[in-house]
Amino acid sequence: MRPHPIIFLYQAASAACVMIIPLFAAELGATSLEIGIIGTCYGIAIFLSSYLFGKSGDVYTKKFVIMLGLLASSLTFGMQMFAEDLLSLALVRFLVGFSVGIFRPALTAYAYESKSNFGRFLSFGPLGMAVGCFLAGLIAVYYHIFAFSSLCMILAFFVAFTLTPTETKKKPRMNSRKHLIKKDFWIYLAFFLRHTGANSVWIILPLFIEEIGGNIRCIGFLYTMNFVVQVILMNML
């Protein structure tokens, strides 16, 4: 089994949550600044976890690291249903981000090393996001959407059982993180600026759409259109 269903399910779960978190936080009384802080907690957690676990796939099998992260994500995505105030929401979003950061680098490396069509693998990400946002708009109940996202991660965990274990290859220690960051600084900077701009939009867009008269179903539809276009272009290019 290729890793395509895993990135599809993960991105469906992730996008459904990202779409409604600003709305959910606003209903809990969050200001725009507090909504941004909640989003920051999620992003910082992914960075820290990815940094810590990024080389784990070279030490253990990538399948093991992927399954560990998916299992943790199955739990933390479900924990979002129990957030009752801004502090608990920020904390659980940090835990979600940390869980996701465990398996994302290993999954990407696994897909690249499996010599499948890497561009097509990546396109399954926005395809999952399109489906996740569309279904989130249909469900339209926050707690049910969180349950849906947890179910997606549970399914991804079971799909991971079908992955073929890869052999770990010891690599020279000369390629330290500091060396790689220095060597590829401009590439990292370009990605950093791109994601900064994109996430600045995503964190506030649901509230903007709601302000001009859209409901959660409208938000889901607009998000879906965006990701469908991404799928088409990624497969073409």
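Figured I'd write up the structure that's included with this text. Just so it is clear, the structure is predicted and the values come from calculations on it, not from any experiment. (Residues numbered from 1 in each chain as written. Predicted model: local features only at pLDDT ≥ 70, side-chain atom pairs only at ≥ 80, totals over all residues. Heavy atoms only, no water.)

**Considerations on the overall build of the protein**
Link 1 in the chain: Secondary structure assignment for the protein yields eleven helices and zero strands.
Link 2 in the chain: Relative to a compact globule of 237 residues, whose C-alpha radius of gyration would be 18 Å, the protein shows 18 Å and is just as compact.
Link 3 in the chain: For the protein, the spread of C-alpha atoms along the three principal axes comes to 55 × 35 × 35 Å.
Link 4 in the chain: Out of the 237 residues belonging to the protein, those deemed buried represent 41%.
Link 5 in the chain: Put simply, of all contacts in the protein between residues at least 6 apart along the chain, 85% involve residues at least 24 apart.
Link 6 in the chain: Carbon together with sulfur atoms contributes 70% to the accessible area of the protein, which is approximately 13,100 Å² in total.
Link 7 in the chain: Averaging the positions of the 18 positive and the 10 negative side-chain charges in the protein gives two centres separated by 19 Å. (Helix = DSSP H or I, 4+ residues; strand = E, 2+ residues; numbered from the N terminus. Rg over C-alpha atoms; globule rule 2.2 N^0.38 Å. Buried < 20%, exposed > 50% of the residue type's maximum accessible area, 1.4 Å probe, protein only. Contact = heavy atoms within 4.5 Å. Areas by Shrake-Rupley, 256 points an atom, 1.4 Å probe, with all protein chains shown as cover. Lys, Arg positive; Asp, Glu negative; His and termini not counted. Charge placed at Lys NZ, Arg CZ, Asp CG, Glu CD.)

**Digging into the packing of aromatic side chains**
Link 1 in the chain: Under the defined criterion, the tally for this structure stands at 14 aromatic pairs.
Link 2 in the chain: Through successive ring pairs, a cluster of aromatic residues spans F24, Y142, Y143 and F146.
Link 3 in the chain: Across the ring face of Y42, the terminal group of R93 is positioned such that the distance to the ring centre comes to 4.2 Å. (Phe/Tyr/Trp six-rings, centres within 6.5 Å; stacked < 30°, edge-to-face > 60°. Lys NZ or Arg CZ within 6 Å of the ring centre and 35° of its normal.)

**A word on the pattern of salt bridges**
Link 1 in the chain: On inspection of all chains with the given rule, the structure shows two salt bridges.
Link 2 in the chain: K62 serves as the salt-bridge partner of E113, at 3.3 Å between the closest nitrogen and oxygen. Highlighted residues: E113 in helix 5 (residues 86-113) and K62 in helix 4 (residues 62-79), separated in sequence by 51 residues.
Link 3 in the chain: For E113, a relative accessible area of 40% gives the class partly exposed.
Link 4 in the chain: Accessibility expressed as a relative area gives 4% for K62, which makes it buried.
Link 5 in the chain: The salt bridge involving D184 is made with K183; its shortest N-O contact spans 3.6 Å. (Salt bridge = Lys/Arg side-chain N within 4 Å of Asp/Glu carboxyl O.)

**A few points about a nonpolar patch on the surface**
Link 1 in the chain: Taken together, the side chains of I44, F47, L48, Y51, L52, I181, F185, W186 and Y188 define a hydrophobic patch exposed on the protein surface, amounting to about 970 Å² of accessible area.
Link 2 in the chain: Those elements that provide at least two residues to the nonpolar patch are helix 2 (32-53) and helix 9 (185-202).
Link 3 in the chain: Among the elements that line the nonpolar patch, the one with the most residues is helix 2, at five residues.
Link 4 in the chain: By the element assignment, L52 lies in helix 2. (Patch = residues over 30% accessible without salt bridge, like charges linked within 9 Å, V, L, I, M, F, W, Y side chains within 5 Å.)

**Brief notes about helix 2**
Link 1 in the chain: In this model, helix 2 (22 residues) spans 32 Å end to end at C-alpha, consistent with the 32 Å of a helix rising 1.5 Å per residue.
Link 2 in the chain: On the buried face of helix 2, the contacting elements are helix 1 (4-27), helix 5 and helix 10 (205-211). (Expected span 1.5 Å × (residues − 1).)

**Description of the side chain of S73**
Link 1 in the chain: With respect to the secondary-structure elements, S73 resides in helix 4.
Link 2 in the chain: A distance of 2.8 Å separates the side chain of S73 from the backbone oxygen of G69, its partner in a polar contact.
Link 3 in the chain: Excluding residues that lie within four positions of it along the chain, S73 makes contacts with S99, V100, F103 and M153. (Polar contact = N/O pair within 3.5 Å; in protein donor to acceptor, adjacent residues only side chain to side chain.)

**Quick word on the environment of M234**
Link 1 in the chain: Relative to the assigned elements, M234 resides in helix 11 (residues 216-236).
Link 2 in the chain: A C-alpha to C-alpha distance of 29 Å links M234 and G36, two positions 198 residues apart in sequence.
Link 3 in the chain: Not counting residues up to four positions away in its chain, the partners in contact with M234 are L122, S123 and P126.

**Section: helix 6 (residues 118-139)**
Structurally, the α-helix is built with 3.6 residues per turn, so residues lying three or four positions apart point the same way.
Link 1 in the chain: The terminal C-alpha atoms of helix 6 lie 32 Å apart, and with 22 residues this matches the ideal 32 Å at 1.5 Å per residue to within 8%.
Link 2 in the chain: Taken together, the buried positions of helix 6 are occupied by F121, S123, G125, P126, G128, M129, A130, G132, C133, A136 and G137.
Link 3 in the chain: On its buried face, helix 6 is in contact with helix 1, helix 5, helix 7 (142-160) and helix 11.
Link 4 in the chain: Looking one or two residues beyond helix 6, the residue adopting positive phi is A140, at roughly 60°.

**A look at the packing of helix 1 against helix 2**
Link 1 in the chain: Close contact between helix 1 and helix 2 brings their axes to 9 Å; oriented N to C, the two are set at 155°. One finds that helix 1 runs roughly antiparallel with respect to helix 2. Of the two possible hands of crossing, helix 1 and helix 2 adopt the one that is right-handed. Between helix 1 and helix 2, the residues in contact are Y10, S14, I21, P22, A25 and A26 and I35, I38 and Y42, respectively. (Axes fitted to C-alpha atoms, helices over the stretch in contact; angles between N-to-C directions. Parallel < 35°, antiparallel > 145°, perpendicular 65-115°, else oblique. Left-handed = near helix turned anticlockwise from the far one by under 90°.)

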